[in-house]
Amino acid sequence: MKLAIIGGGPSAFYVASRLHKLLPQTLDYRIHLFDRLWSPHGLVRYGVAPDHPEVKNCTHKFDEAALDRRLRFFGNVNVGDNPSPLQHTVKLPLSSIFSNYSHVVFATGCTLPKRHSELPPSASCTSALSMVHWYTQHPNAPSPPPLDKISHVSLIGNGNVSLDVARMLLTNVDVLRKYDVPERVLDVLAESTVKHVSIVGRRGPLEAAFTMKELREMINLPDASMVPLAPELLQPSEGVPLTRQQTRVLQLLSKGSKNTFGTTAKTWSLDFYRSPAGLMVPSSENTRSQLSLAHTVVDPATQRAVPTGETSTVATDLVVTSLGFHGEPTAPYFDPGLGHLRTLSNRIVTNAGTTLRNVYGSGWASTGAHGVLAATMMNAYDVAETIVNDRMNPVEGTEAVLNPDPSLEELPEEVVHGVRERNIVEYPDWKRIDEEEMRRGQVRARLLLGLSAHKTHFQRFFIGV
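Residues numbered from 1 in each chain as written. Predicted model: local features only at pLDDT ≥ 70, side-chain atom pairs only at ≥ 80, totals over all residues. Heavy atoms only, no water.

1. Focus: the environment of threonine 302
By secondary structure assignment, the location of threonine 302 is in the loop between strand E14 (289-298) and strand E15 (305-316). Linking threonine 302 and arginine 440, residues 138 residues apart in sequence, is a C-alpha distance of 53 Å. (Helix = DSSP H or I, 4+ residues; strand = E, 2+ residues; numbered from the N terminus.)

Quick look at the structure:
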């Protein structure tokens, strides 16, 4: 078996790790991971909030999988026939993959933000993904947001990514310095004049997309406070049974933030039952954008938000949409109705409805962008088991598009050339960079500890005087 995994994020590494355990030790196989980014680990490196370092512990498992001699990682490689959003990548046509491998897994994720029809991108409106790419310094990172010129931010959507962005904007820079935040990002945040973050959701607290962990972190922000919610918003309809999580959410919101509203310079609010209806950009008459919001209620039959006919307007400086993600429409086997690749029982299905033999989808590329990292892991393990089962009991009626008997040692000629020209990053190269990043982080930590000690010394000195 010679497997190509297109994508080098968590799903790809979880599939590889599981196959190492499931495949017979006597089987001589190869697993090659390709990613258009130069570094592995995908969203773990360029999506997880910097103040959630514990989430990144899974990289130890990925390192363990990569140590196996049968696995190789090739970064800075764009697989497919469409232009890469990163100009410097090595192009690897899909035909080259199909002719060189007996098995293929698409683990390409969902890399594009969903847009709101009433909120086209502008200087006053950006996506949460752009904000995340900025503060994690993704290779596609946009220019820094003008945080030194604004005071009010409106986040559309109340999922975990939305709360991540809010937390980054409301947390003191001295707190963020403890985490894996690039210096250039800290410099911008240090000059921020943001005073309020409004988190807008079209439904109510019972339907909110955030997790308890994320909400609790917002509630406990050390330098910000929450605008209290109207008591009637926290009263469930009579006869409606609540889940344990819903009960805890209502209890937490009833208590309010750790800091009493009005005692902090920075504030935030959860604006439930509101849906964007339009955005007027600044003009000579209005120096701030005007965000129109339709008021909504939840239809008990469909659980969908429906407008009441009432509207309101909020003066804001920056609108950030956080409405989820979808796959790339130009990707092979993309289903525009689903927003991701078309699969059936983990196997890729063509537009004609034909199942491809030994071609699979894993993670968000297959399921869509939902669930936390643990859900991605379980899905990847299931994909690995499907691969092993199909090897033992081939599925009938599938279309063969791969090479059934490729050379285990040969690489596609594009990859051979890229490695020779040092345009491709392999896992040992990445580990050297990772070790240098860690070393620099340790130096910076010692410097910050030293400065903190000096500050404490002088404070004690002046108190004594």
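2. Considerations on the pattern of salt bridges
As enumerated under the stated definition, the model contains 27 salt bridges in all. The partner of arginine 30 in a salt bridge is glutamate 409, with the nearest N and O atoms 2.4 Å apart. Of this pair, arginine 30 sits in strand E2 (residues 30-35) while glutamate 409 is found in the loop between helix H12 (373-392) and helix H13 (413-420), placing the two residues 379 residues apart along the sequence. Classification of arginine 30 as buried rests on a relative accessible area of 8%. Classification of glutamate 409 by relative accessible area gives exposed; the value is 55%. Between arginine 167 and aspartate 51 there is a salt bridge whose closest N-O contact spans 2.7 Å. Of this pair, arginine 167 sits in helix H6 (residues 160-170) while aspartate 51 sits in the loop between helix H2 (43-46) and helix H3 (59-67), placing them 116 residues apart in sequence. Pair check on accessibility: arginine 167 and aspartate 51 agree, each one buried. Through salt bridges with shared partners, one network takes in Asp51, Glu54, Asp164, Arg167, Lys213, Glu214 and Glu217. (Salt bridge = Lys/Arg side-chain N within 4 Å of Asp/Glu carboxyl O. Buried < 20%, exposed > 50% of the residue type's maximum accessible area, 1.4 Å probe, protein only.)

3. Regarding unusual backbone geometry
One non-glycine residue, histidine 41, lies in positive phi territory at about 85°. Positionally, histidine 41 belongs in the loop between E2 and H2. A positive phi angle, near 65°, is found at glutamine 303, a position not held by glycine. Along the chain, glutamine 303 falls in the loop between E14 and E15.

4. Let's talk about the pairing of strand E12 (residues 266-271)
Of all six residues in E12, five are buried; the element is thus mostly enclosed. By the bridge criterion, five bridges tie strand E10 (residues 196-200) to E12 in an arrangement that is parallel. For isoleucine 199, the partnering residue across the bridge sits in E12 and is leucine 270. Direction of pairing for strand E11 (residues 224-226) relative to E12: parallel, over a ladder of three bridges. The residue of E12 that forms the bridge with methionine 226 is tryptophan 268. (Pairing = 2+ DSSP bridges.)

5. A few points about helix H5 (residues 128-136)
Counting buried positions along H5 yields eight of nine residues, so the element is predominantly enclosed. Buried residues of H5: Ala128, Leu129, Met131, Val132, His133, Trp134, Tyr135 and Thr136, and no others. Looking one or two residues past H5, glutamine 137 carries a phi angle of roughly 55°, positive in sign.

6. Overview of the nonpolar core
If you look at the biggest cluster of nonpolar residues, it comprises 45 residues, and the most contacted ones within it are Val197, Ile199, Leu253, Trp268 and Leu270. Here this core gets six residues from one element, more than from any other, and that element is H6. Discounting residues that sit within four places of it in the chain, isoleucine 199 has contacts with Leu155, Gly157, Asn158, Ser162, Leu163, Ala166, Met218, Trp268, Ser269, Leu270 and Asp271. Core analysis: the second largest hydrophobic core is formed by 32 residues, Leu3, Ala107, Ala384 and Val388 among them. (Core = buried A, V, L, I, M, F, W, Y, C linked by side-chain atoms within 4.5 Å. Contact = heavy atoms within 4.5 Å.)

7. Examining the side chain of threonine 59
Relative to the helices and strands, threonine 59 resides in helix H3. In contact with threonine 59, not counting residues within four places along its chain, are His41 and Val44.

8. Some remarks on the sheet that holds E12
Here six strands make up an open sheet; going across it, the order is E8-E16-E9-E10-E12-E11 and the pairing parallel. Looking along the sheet, the strands with just one partner apiece sit at the ends: strand E8 (125-127) and E11. Strand-to-strand twist in this sheet, taken as the mean axis angle between neighbours without regard to direction, amounts to 20°. One ladder, built from four bridges, connects strand E9 (residues 152-156) with strand E16 (residues 318-321); its direction is parallel. Directly across from leucine 155, in E16, lies its bridge partner valine 320. The strands touched by H6 are E9, E10, E11 and E12; relative to E10, the strand with the most contacts, the crossing angle is about 175°. (Axes fitted to C-alpha atoms, helices over the stretch in contact; angles between N-to-C directions.)

9. Here we look at the packing of aromatic side chains
Per the stated rule, a full pass over the model turns up ten aromatic pairs. Measuring from ring centre to ring centre gives 6.1 Å for phenylalanine 34 and tyrosine 101, while their planes differ by 85°; the resulting arrangement is edge-to-face. With phenylalanine 34 in strand E2 and tyrosine 101 in the loop between helix H4 (94-100) and strand E6 (103-106), the pair connects residues that are 67 residues apart, well separated along the chain. The pair formed by phenylalanine 34 and tyrosine 101 is uniform in burial state, with each residue classed as buried. Considering the side-chain rings of phenylalanine 73 and tyrosine 427, the 6.3 Å spacing of their centres and the 85° angle between planes classify their relative orientation as edge-to-face. Within this pair, whereas phenylalanine 73 is found in strand E3 (residues 71-75), its partner tyrosine 427 is found in helix H14 (residues 427-464), the two being separated by 354 residues in sequence. You'll find phenylalanine 73 and tyrosine 427 in the same group, each marked buried. Ring-pair connections join several aromatic residues into one group, and the members of that group are Phe13, Tyr14, Phe62, Phe73, Tyr381 and Tyr427. Lying across the ring of tyrosine 101, lysine 2 places its NZ or CZ 4.8 Å from the centre. Its guanidinium or amino end placed over the ring of tyrosine 381, arginine 18 lies 4.8 Å from that ring's centre, counting from NZ or CZ. (Phe/Tyr/Trp six-rings, centres within 6.5 Å; stacked < 30°, edge-to-face > 60°. Lys NZ or Arg CZ within 6 Å of the ring centre and 35° of its normal.)

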